[in-house]
Amino acid sequence: MGKVRIGVALSGGTARSMAHIGILKAFEEHGIEIDYLSGTSGGSLVAAFYASGKSIEEMENLAESLSWRKLAGLTLPKLGLLSSNKIREFVIDQIGEICFRDLKIPTVVVAADLTTGEKKIFKEGEVAIACQASSSIPEVYTPVEIEGHSFVDGGIVEYMPVKALSEFGEMFRIGVNLGYESGKRKRPRHLVEVIMEVTGFIANLNALESEKVADFVIRPDVERFSPFALNKAADLIEVGYVTAVAEMAALKEAIGRYASFTGKLRRFLTGVPGRSAG
């Protein structure tokens with residue numbers, strides 16, 4: 001039986017995306033080797049850093065030093081309240097102006113193309129600008145212009161980018177959904193929270209569709225954390241870690257079933273008989 005190829009789809013979540021670091025940490029400690037990554041919005045940053053070779057410890061330290069000053073710049077309010085250029089600068093500062101082909105783990109990043117109204121899967125070119133495009137929340141950040149197209153947050157088209165992993169072929173697909181909510185909602189206090197609620201509605205709907213095609217879904221309970229709570233990095237990482245550890249036995253069992261099924265299917269298609277138990 002050959003090694004199961006594993007892909008992990010990291011959803012958006014703004015500051016909550018730091019929970020992904022804890023999940024990746026648990027995977028490393030429990031021997032879950034990741035072959036492919038996909039990311040949307042905040043998940044695209046975590047995916048890019050991890051795929052570039054940054055260690056979990058480096059990512060933890062980075063998350064705990066993060067501030068909005070590093071991720072947003074003021075702009076004239078024409079197409080957005082803030083400029084997302086600092087996101088690209090931040091990514092370049094951490095991993096350089098590398099291209100997707102340079103990543104140690106094959107990765108794709110999802111954004112929404114306002115010019116065509118379609119999903120854009122970045123798999124070539126500079127990683128930093130793809131992460132900037134994927135993370136540009138509509139009306140909060142100005143759209144990112146790339147080759148005549150305007151791009152915004154990928155959560156509008158695929159919040160948990162499980163389907164985007166299909167760019168790499170067949171594999172066991174793990175989705176991490178940070179958008180799971182109990183149904184209780186707080187009244188928005190200002191314009192940005194209104195925007196976040198609206199984009200959240202859209203993201204939650206398409207996340208449900210993504211869950212249907214995932215082989216396994218992890219849903220850390222990060223609802224109590226504000227999407228803007230960058231100062232809660234350690235707590236968010238811990239929630240991701242604890243959730244993944246709690247799901248580990250079920251995850252490994254699911255991978256085992258997948259390996260058994262694909263092995264039998266491969267033997268059936270090739271006409272090679274399996275070994276008997278005796």
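Structure report, in brief. (Residues numbered from 1 in each chain as written. Predicted model: local features only at pLDDT ≥ 70, side-chain atom pairs only at ≥ 80, totals over all residues. Heavy atoms only, no water.)

### A closer look at the packing of aromatic side chains
For the structure shown, the criterion picks out four aromatic pairs. Consider the rings of Phe-122 and Phe-151, whose centres lie 5.3 Å apart with planes at 65°: the pair is edge-to-face. Remark: Phe-151 occurs in strand 9 (residues 149-153) and Phe-122 occurs in strand 6 (residues 118-122); sequence separation between them is 29 residues. Residue classification places Phe-122 among the buried residues on the basis of a relative accessible area of 8%. (Phe/Tyr/Trp six-rings, centres within 6.5 Å; stacked < 30°, edge-to-face > 60°. Helix = DSSP H or I, 4+ residues; strand = E, 2+ residues; numbered from the N terminus. Buried < 20%, exposed > 50% of the residue type's maximum accessible area, 1.4 Å probe, protein only.)

### Considering the side chain of Lys-54
Note that Lys-54 resides in the loop between helix 2 (42-52) and helix 3 (56-64). Within the local environment of Lys-54, its side chain forms a polar contact with the side chain of Gln-94, the two groups lying 3.3 Å apart. Among residues more than four places away in sequence, those in contact with Lys-54 are Phe-49, Met-59, Gln-94 and Ile-95. (Polar contact = N/O pair within 3.5 Å; in protein donor to acceptor, adjacent residues only side chain to side chain. Contact = heavy atoms within 4.5 Å.)

### Regarding the pattern of salt bridges
In this structure the tally under the stated criterion is eight salt bridges. With a closest N to O distance of 3.1 Å, Glu-209 and Lys-212 form a salt bridge. Of this pair, Glu-209 and Lys-212 both sit in helix 7 (residues 191-213), three residues apart, which is roughly one turn of the helix. Salt-bridge contacts for Arg-219 lead to Glu-211; the nearest nitrogen and oxygen are separated by 2.9 Å. (Salt bridge = Lys/Arg side-chain N within 4 Å of Asp/Glu carboxyl O.)

### A look at helix 5 (residues 127-134)
Summarising burial for helix 5: seven of the eight residues are buried, a large majority. Among the residues of helix 5, those classed as buried are Val-127, Ala-128, Ala-130, Cys-131, Gln-132, Ala-133 and Ser-134. The distance from a side-chain oxygen at the start of helix 5 to the backbone nitrogen of Ile-129 is 3.1 Å, and the residue carrying that oxygen is Glu-126.

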